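The primary structure of each chain is shown beneath.
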Amino acid sequence: MNKRKREALNMFFSAFLVIAYVVCSYFITQLADSVTSPNAYGAIILAVVFFFGLLLFYATRVGDGKQVIRFSPSVLVLIVLPAIYVVSAYFAVGLPLHEQISNSSVVMYLAAVSLGYGIPYTFTSGFEMVAAEDVYFPEHFEEKADEEKAEKDGGSDK
């Protein structure tokens, strides 16, 4: 299968996953309405929407190449920690902004989606296309990068 067809197939299945998730989550939230405890209902909705964030991460990160593993402190500080606080403030009565967050379900949904998306994005960034020789001979990759840098530096003087 050529690369273009494979990319189209990946995009189709990613879109299908998101659409299937939305349909399934509708039915799950309808079943969760029968739960009498508001905290249990909130936990079920949180889990469903958190899973949506994970699914969005997967749908936007499919591809060919090598999986890039890295730690991103900016994503951790700007996305994950605020989302954890919003989720905590939703359940913990004593935290500041508890009333405002518990009265606004949209804020809770956004925090859960960003938490589901932000946690894997803190540790991976997706796929990069890497030549096979760069994987098997990393010193060749470093030499090639040094040569490109030298060409760029030498070309800027002209």
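Whatever comes next refers back to the structure up there.
Because the structure is predicted, anything quoted here is derived from the model rather than measured.

Participant: Hey, could you run me through the overall build of the protein chain in this one?
Facilitator: Check the secondary structure of the protein chain and you find seven helices and two strands. Its helices and strands in sequence order give the protein chain the pattern α-α-β-α-α-α-β-α-α, from N to C terminus. Here the protein chain holds 158 residues, and the buried ones make up 25% of them. Within the protein chain, contacts between residues at least 6 apart in sequence are counted, and of these 75% link residues at least 24 apart. In the form shown here, the protein chain has an accessible surface area of approximately 10,900 Å², with 67% of it arising from carbon and sulfur atoms.

Participant: Would you take a moment to explain a nonpolar patch on the surface for this structure?
Facilitator: There is a patch of nonpolar side chains on the surface, built from V77, L78, I79, L81 and I84 and spanning about 440 Å² of accessible area. Checked against the element boundaries, I84 lands in helix α3 (residues 73–91).

Participant: Help me understand the side chain of H98, please; the structure alone is not making it clear to me.
Facilitator: Turning to its location among the elements, H98 is positioned in helix α4 (residues 98–103). We classify H98 as buried; its relative accessible area is 11%. Look past the residues within four positions of H98 in its chain and what remains in contact with it is A89, Y90, A92 and V93.

Participant: Is there a simple way to think about unusual backbone geometry in this case?
Facilitator: As a rule of thumb, non-glycine residues mostly have phi less than zero, and peptide bonds are mostly trans rather than cis. Unlike most non-glycine residues, L97 shows phi in positive territory, near 70 degrees. Looking at the secondary structure, you find L97 in the loop between α3 and α4.

Participant: I tried to follow helix α1 (residues 3–32) on my own but got confused; where do I start?
Facilitator: An α-helical turn contains 3.6 residues, so any two residues separated by three or four positions project in the same direction. Helix length check: α1, at 30 residues, gives a terminal C-alpha distance of 42 Å against a target of 44 Å (1.5 Å per residue), a fit within 8%. Those residues of α1 lying buried are S14, V18, Y21, S25, T29 and A32. Turning to α1, the residues buried within the fold contact α2 (38–60).

Participant: Just to check I follow, could you spell out the packing of α3 against helix α5 (residues 105–123) for this structure?
Facilitator: The axes of two packed helices give the description: the angle between them and the distance between them. One can describe the packing of α3 onto α5 by two numbers: an axis separation of 8 Å at closest approach and a directional angle of 140 degrees. Relative to α5, the element α3 lies oblique. Of the two possible hands of crossing, α3 and α5 adopt the one that is left-handed. For the pair formed by α3 and α5, the contact residues are V75, L76, I79, V80, A83, I84, V86, V87, Y90 and F91 on the first element and V107, M108, A111, S114, L115, G118, I119, Y121 and T122 on the second. For the contact of α3 with α5, the residue count by class is 16 nonpolar, three polar and no charged.

Participant: What's the story with α2 in this structure? I'm lost.
Facilitator: With 23 residues, α2 extends 33 Å between its outermost C-alpha atoms, agreeing within 8% with the 33 Å of an ideal straight helix rising 1.5 Å per residue. By the burial criterion, the buried members of α2 are G42, I45, L46, V48, V49, F52, G53, L55, F57 and A59.

Participant: Please clarify how the environment of V22 should be interpreted in this entry.
Facilitator: With respect to the helices, strands and loops of the structure, V22 is situated in helix α1. The class of V22 is partly exposed, set by a relative accessible area of 45%. Along the primary structure V22 and V49 are separated by 27 residues, whereas in three dimensions their C-alpha atoms are 9.7 Å apart.

Participant: Would you take a moment to explain the side chain of T122 for this structure?
Facilitator: Tracing the backbone shows T122 in helix α5. Among the polar contacts listed, one links the side chain of T122 to the backbone oxygen of G118, at a separation of 2.6 Å. Excluding anything up to four places from it in sequence, T122 contacts R70, F71, S72, V75, L76 and V80.

Basis of the calculations
Residues numbered from 1 in each chain as written. Predicted model: local features only at pLDDT ≥ 70, side-chain atom pairs only at ≥ 80, totals over all residues. Heavy atoms only, no water. Helix = DSSP H or I, 4+ residues; strand = E, 2+ residues; numbered from the N terminus. Buried < 20%, exposed > 50% of the residue type's maximum accessible area, 1.4 Å probe, protein only. Contact = heavy atoms within 4.5 Å. Areas by Shrake-Rupley, 256 points an atom, 1.4 Å probe, with all protein chains shown as cover. Patch = residues over 30% accessible without salt bridge, like charges linked within 9 Å, V, L, I, M, F, W, Y side chains within 5 Å. Salt bridge = Lys/Arg side-chain N within 4 Å of Asp/Glu carboxyl O. Expected span 1.5 Å × (residues − 1). Axes fitted to C-alpha atoms, helices over the stretch in contact; angles between N-to-C directions. Parallel < 35°, antiparallel > 145°, perpendicular 65-115°, else oblique. Left-handed = near helix turned anticlockwise from the far one by under 90°. Nonpolar A, V, L, I, M, F, W, Y, C, P; charged D, E, K, R; others polar. Polar contact = N/O pair within 3.5 Å; in protein donor to acceptor, adjacent residues only side chain to side chain.

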